[in-house]
Amino acid sequence: ALVTLRRKAKDCRACPLWKPATQTVFGDGPADAAIMLIGEQPGLHEDMQGEPFVGPAGRMLDRALQEAGLEREALYLTNTVKHFKYAQRGTAKLHKRANSAEQAACRMWLAAELARVQPRIVVALGAMAAQTLFGNAFRLTRERGEWRVLGECVQAMATWHPSAILRGRERKDAMYRQLVADLRSIKGR
């Protein structure tokens with residue numbers, strides 16, 4: 001059960017990311033959700049609250065989901081990496097991308113979540129999540145929004161991570177519109 005997985009993940013020591021993190025940020029949502037959204041890794045707000053997508057990127061995702069006509073409460077939200085990785089700069093904790101070994105250490109948790117929830121639709125938010133699902137050759141800028149068969153009766157695609165949109169400069173509005181359009185395309189699946 002997901003409750004058991006969450007409890008076991010809480011004590012994970014498969015990589016060193018657990019040491020500086022406040023807590024494990026495991027997935028959240030209905031155990032029988034038809035749709036799973038997979039992000040990259042928790043940020044500062046997620047690390048503090050222990051839930052995925054609760055910071056600025058989460059608020060943007062909530063807005064995009066609402067515009068796409070999807071209810072967050074019906075989705076299962078998780079990340080490929082379960083601990084916040086950061087670089088300390090004075091009093092600030094700045095997000096730092098998990099390396100390949102740290103990502104690999106968390107794959108067992110993501111695989112277990114996929115096996116327990118058994119979603120019909122999986123959406124990778126960002127390049128890290130997309131490459132975890134589709135392989136290292138996947139390029140988000142080329143293949144964003146394209147549906148693929150992930151497994152028996154499972155369709156998947158990748159789109160922008162809300163944090164990439166927040167960091168975007170001149171393409172911010174276009175990226176947001178693409179995220180909403182990609183999320184809207186779920187309804188036709």
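Look up a bit, the structure's there.
The following paragraphs examine the structure supplied in this document. (Residues numbered from 1 in each chain as written. Predicted model: local features only at pLDDT ≥ 70, side-chain atom pairs only at ≥ 80, totals over all residues. Heavy atoms only, no water.)

## Considerations on the packing of helix 3 (residues 56-68) against helix 8 (residues 172-184)
The line we're drawing: A fitted line through C-alpha atoms represents every axis, and for helices the fit uses only the stretch in contact; the resulting angles, taken between N-to-C directions, go from 0 to 180 degrees. A run of H or I in DSSP counts as a helix once it spans at least four residues, and a run of E counts as a strand once it spans at least two, with each numbered from the N terminus. In these notes the angle categories are as follows: under 35 degrees is roughly parallel, over 145 is roughly antiparallel, 65 to 115 is roughly perpendicular, and the rest is oblique. Crossings are sorted by hand: turned counterclockwise from the far helix by less than a right angle, the near helix makes the crossing left-handed, and turned clockwise it makes it right-handed. Residues count as neighbours in contact if any of their non-hydrogen atoms are within 4.5 Å of one another. Side-chain classes are defined by residue name, with Ala, Val, Leu, Ile, Met, Phe, Trp, Tyr, Cys and Pro counting as nonpolar, Asp, Glu, Lys and Arg as charged, and the others, Gly among them, as polar.
Running from N to C, helix 3 and helix 8 point in directions that differ by 50°, and their axes come no closer than 8 Å. Comparing the axis directions of helix 3 and helix 8 gives the class oblique. Read as a crossing pair, helix 3 and helix 8 show a hand that is right-handed. Of helix 8, the residues touching helix 3 (which contributes M60, L61, R63, A64, L65, E67 and A68) are Y176, L179, V180, L183 and R184. Looking at side-chain class alone, the contact of helix 3 with helix 8 contains nine nonpolar, no polar and three charged residues.

## Here we look at empty space enclosed by the protein
Quick note on the threshold: Points on a 1 Å grid over protein atoms alone make up a cavity when a 1.4 Å probe fits among them but cannot get out, and a pocket when they form an open set with protein on both sides within 12 Å along at least five of seven lines; lining residues each have an atom within 4 Å of a point. Grid points are joined across faces, edges and corners, and a volume is the space filled by probe spheres set on the points.
What the rule picks out here adds up to one cavity of 30 Å³ or more. Computed from the structure, the largest cavity encloses a volume of approximately 50 Å³. Lining the largest cavity are A9, C12, R13, A14, C15, W18, T24, K82, H83, C106 and W109. Here the residues of the lining of the largest cavity sort into seven nonpolar, two polar and two charged.

## As for the packing of aromatic side chains
Here is the rule we go by: Only Phe, Tyr and Trp rings are paired, with Trp represented by its six-membered ring, and only when their centres lie within 6.5 Å; those with planes under 30 degrees apart are stacked, over 60 edge-to-face, the remainder tilted. Relative accessibility under 20% of the residue-type maximum defines a buried residue, over 50% an exposed one, and the middle range a partly exposed one, all with a 1.4 Å probe and only protein chains included. In our convention, an over-ring charge means Lys NZ or Arg CZ found within 6 Å of a ring centre and within 35 degrees of that ring's normal.
Evaluated as defined, the whole model comprises two aromatic pairs. When the ring of F134 is compared with that of F138, the centres are 5.1 Å apart and the planes differ by 40°; the resulting orientation is tilted. With respect to burial, F134 and F138 carry one shared label: buried. Over the aromatic face of W18 sits the side chain of R13, whose NZ or CZ is 3.9 Å from the ring centroid.

## Side note on the pairing of strand 4 (residues 92-95)
To be explicit about the condition: Following DSSP output, two strands are said to pair if at least two bridges run between them.
Across four bridges, strand 3 (residues 86-89) lies against strand 4 in antiparallel orientation. Counterpart to Y86 in the pairing with strand 4 is H95. Where strand 3 hands over to strand 4, the hairpin turn is made up of two residues, of which G90 adopts a positive phi near 65°.

## Overview of the environment of Q155
Within the fold, Q155 resides in strand 7 (residues 154-159). Taking relative accessible area as the criterion, Q155 reaches 28% and is therefore assigned partly exposed. The spacing of Q155 and K85 is 70 residues in sequence and 30 Å in space, taken between C-alpha atoms. Apart from the residues lying within four places of it in its own chain, the contact partners of Q155 are R120, I121, V122, W147, R148 and R189.

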